[in-house]
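Close look at the chain arrangement
Residues per chain, in single letters:
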Amino acid sequence: MKTAGMALEQLSEVVQRCQALPDDSYTTEDHNIFTVAGRTCIEEGNSAQVLSIVLDEKNQEIVRCMGWNLLPPLIQVLLKKEDKNLPQCLAIFNHLLETCRPKELLIGLLEQLEQDDPDTIVESLHLLLKPLQKVLLCLGGRKASSLGMALSSVLDQVAKLPLPHTKEQEEDDVFSFCRCCTDMIDFVRPFVQEVRHNLLNNEMQSETTNRTVGRQGKDKEDELRTELLKFCMKSLSHPLLEVHLKDPDTLALSPLRTFATEILNILGSIGESIAGLVHQPLLKRKQVPGFLEEEVRYPKESLASLAHLVFVHHLAADTFPTVFSPVFSLRCNIEHVSLLLSRTEESKLQKGLELYEKSLVRVEDGSLRADLLEIKTFLTVPQNLIKVMTICPKHELRTKGLKVFQLSVDKFNTEAKYRFFQYMLKTSNHSGVEGYIIKNIKNQIDIALQPGNSNVWFEGVQLMPLLRKVLILPDGPETDLLQYLDRIMESLNLLRYLVIRDKVTENQTGIWTELYKIEDTFMKPLRVGVNMSRAHYERELQNTMEAKKSKAKEESVLSVSVGGEELPSMTPESQIQALHSALHTFDMIESVLARIEELIEVKDNL
Amino acid sequence: MAAEPTREWSDEQLKSDDLPKKDIIKFLQDNAAHSFLNEHKLLGNIKNVAKTAKKEQLIIAYDQLFESKRFKGTEAVEEVTEKVKAVKVEEKPKEVKTEVVDEGPPKYTKSVLKKGDKTNFPKKGDTVSCWYTGTLEDGTVFDTNVPTAARKKKQAKPLSFKVGLGKVIRGWDEALLTMSKGETARLEIEPEWAYGKKGLPESKIPPNAKLIFEVELVSVD
């Protein structure tokens, strides 16, 4: 164990010894002694003495070679902020930054960036980004890969920080996250300027003469540009895809919105076209020779985040050309939407819904053509929407999902609606969704029957194949009526509507010629099913009530399972309630069925 | 006309339990005329038909089919509705060209401000590059890519895109196809061929706005 005095002695000793030697003959032992002794001195509070050693003119060679090893304890002191040795340590630190070799300083500083707890992370970022920047700027033409390393490290640390979610959290910046974002932008600024400058020079040079920057020089510039591109792409993914940006009305001065805007500005400065990036899914980009392939260079999630920032938050609106057709924007954005809606994180689902909604709203109702449905994404996105509508735990997202789903339907023209409904009935496998589609079909028929709206899809010959898919029981008389209730009720509603609305003499929908078949395939099996189910449930009700009376412990007659796991058995009271509810449902089905039969009879007798 | 289907199963085979109802139904559905199936209540999903039809009925139908020879294609009228295409889900290439339907007179006007070379006209699918300035009827400039001294020293580039494919508003697509390289024109585009009833509120374009563009066609590839 070293005493304070001992460490200082050893430090002075090794420094004196090395003063006489040329720097390339310092031994490994010299390095080790300097490092250990120096660090101990600082840790023990002898920074004043270390400072005088470090400032001594005779020692500059030594400091240049070995000084950077003192960084760890120095930075610890600087992070503590209340230490009485702070001024001296700060002075040593600054001197080392001036004197030591950039490459070594870089290693030392980056090492100290890696912290575990959020508070230390934000403080070390705030402390070290400026020195890092300074060091990197000293590297001249070789800075690109080092900058890349630094940015990667910084973003890794930022990823460990808690994000502000509410307006208050962002304003108060309790976690100092917003300050980090500001620090990062300040950090990259000079490098962005350099790339911008290079690009301008290249343009000017290639305009005035045919000479361009030498091959090697150009590669270095490309590397720098690529590192900044990587940084922007990563930032778009995290934190920008996770945070919920507040609009100017909600929060006039928003550091996160500023950060997002700055990232877009950087992209512009380094020569990326925002419009080009947003439209990338549809553009066949030329393969850029370099050390990053297309998909790595422009990660899809980052581009989706970018599209959201542009179309939902209107960032960079003044650089985005106002000439693209809304349908084209929709076709590009739907690819981004597809990606976002295929994720499970609520923040991404939310953004997917918002982007889809914004893209749809710009398109006129009834204007999207059926050939768009040949693009696979136009079918996978509704399926993703259905997942959100039906199984997403968050209520607001389910509601919004439904709203956007209906909005998308409204934008299709009649042929496209027809094909879309066909497709959904075939593939959704969900009674609620099918019911919703059937309701839409009814609305479309209603519109078609109004004077002036006649179309070939929702009346006449084309309508019948669609109706046949609707007016049918999935498993005949054995269909589980409760499971398919939503669908069955909507089908009955539709049938009732048709029978009332379409005159027998006109038969615009074809229902009257088809009715005998529908009676066979739908109404009769349904009646049989209702009767069977009712009998079954009435029996169960009887049993349950008797079991309750006798107070014998019976095995439950109903078991409910969710996601494969059976829920604990219901109490007899709950069971009885459920059975009554089921019986009530059968009554409901039967009454609509009876009404329809009544209406048919009346019309038949006319 | 296809050859008559052959009778594959003997009476014994038909009655045997080894032959499932579904197979007989499938054969009948594949080979019998629509009206035949209708009469014998054999239309619809095989599973459902199997539930409601008895084996004896199926055997009778099978026999009757070969007796009456009411095979597919022998009926004068097949139902028109069978011809309706089912929705196809295929991985089509993403370049779906939006075919423009002829709807009447063009909804834009063009006045040439500077003549082009009159030889290089873009075709659909060519990549064109333009400088442009867009204004509303009241003179408000809502968009431009022309570099001016006032703008930050950003590297300004002409806007490049493939013309005639519906990527831009229709007024642009139609007008650019009539321009030659080097031409500068003033386009006045009716809302129907611009942003229509909705406009683009966040880009300062109100609903039903007529847009005025000054466009210079720089290059055609």
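What comes next concerns the included structure.

About the criteria used
- Residues numbered from 1 in each chain as written.
- Chains lettered and ligands numbered in written order.
- Predicted model: local features only at pLDDT ≥ 70, side-chain atom pairs only at ≥ 80, totals over all residues.
- Heavy atoms only, no water.
- Helix = DSSP H or I, 4+ residues; strand = E, 2+ residues; numbered from the N terminus.
- Buried < 20%, exposed > 50% of the residue type's maximum accessible area, 1.4 Å probe, protein only.
- Contact = heavy atoms within 4.5 Å.
- Disulfide = S-S within 2.5 Å.
- 1 Å grid on protein atoms, 1.4 Å probe; cavity = no way out; pocket = protein on both sides within 12 Å on 5 of 7 lines; lining within 4 Å.
- Points joined across faces, edges and corners; volume = space filled by probe spheres on them.
- Core = buried A, V, L, I, M, F, W, Y, C linked by side-chain atoms within 4.5 Å.
- Polar contact = N/O pair within 3.5 Å; in protein donor to acceptor, adjacent residues only side chain to side chain.
- Salt bridge = Lys/Arg side-chain N within 4 Å of Asp/Glu carboxyl O.

Scanning chain B from N- to C-terminus turns up six helices and six strands. The order of α-helices and β-strands along chain B, N terminus first, is α-α-α-α-α-β-β-β-β-α-β-β. Considering chain B as a whole, with its 221 residues, one finds that 38% of them fall into the buried category. Counting contacts in chain B only where the partners sit at least 6 residues apart, residues at least 24 apart contribute 72% of the total.

Attention now moves to the state of the cysteines. One way to say it: the disulfide is the covalent bond shared by the sulfur atoms of two cysteines. Overall, the coordinates contain zero disulfides over all chains when judged by the stated rule. This cysteine, C181 of chain A, is not joined by any disulfide, and C178 of chain A carries the nearest cysteine sulfur, 6.1 Å off.

Here we take up empty space enclosed by the protein. Scanning all chains against the criterion turns up one cavity of 30 Å³ or more. Approximately 170 Å³ is the volume attributed to the largest cavity. Lining the largest cavity are 15 residues, and of these F311, F320, P321 and R362 of chain A together with S203 of chain B sit closest to its centre.

Membership of the largest hydrophobic core comes to 216 residues, with the highest contact counts inside it found for W172 and F213 of chain B. Non-local contacts of F213 of chain B, meaning those with residues more than four positions away in its chain, are made with T322 and V323 of chain A together with Y132, T133, G134, F142, I169, W172, A185, R186, L187 and I189 of chain B. In this structure, L28, L37, L42 and L58 of chain B belong to the second largest nonpolar core, which totals 22 residues.

Residue and element names in this part refer to chain A. The residue N507 is located in the loop between α24 (485–501) and α25 (511–550) in this model. From its side chain, N507 meets the backbone nitrogen of W512 in a polar contact 3.0 Å long. With sequence-adjacent residues up to four places away left out, N507 is seen in contact with D502, W512 and T513.

What follows deals with the pattern of salt bridges. Residue and element names in this part refer to chain A. Per the stated rule, a full pass over the model turns up 40 salt bridges over all chains. Here K411 and D365 are joined by a salt bridge, their closest N and O atoms 2.7 Å apart. Of this pair, K411 sits in helix α20 (residues 395–411) while D365 sits in the loop between α18 (346–361) and α19 (377–391); the two residues are 46 residues apart in sequence, bridging distant segments of the chain. Overall, D365 belongs to the exposed group, its relative accessible area being 54%. Three or more residues joined by partner-sharing salt bridges are found here, namely R527, R534, D587, E590 and E597.

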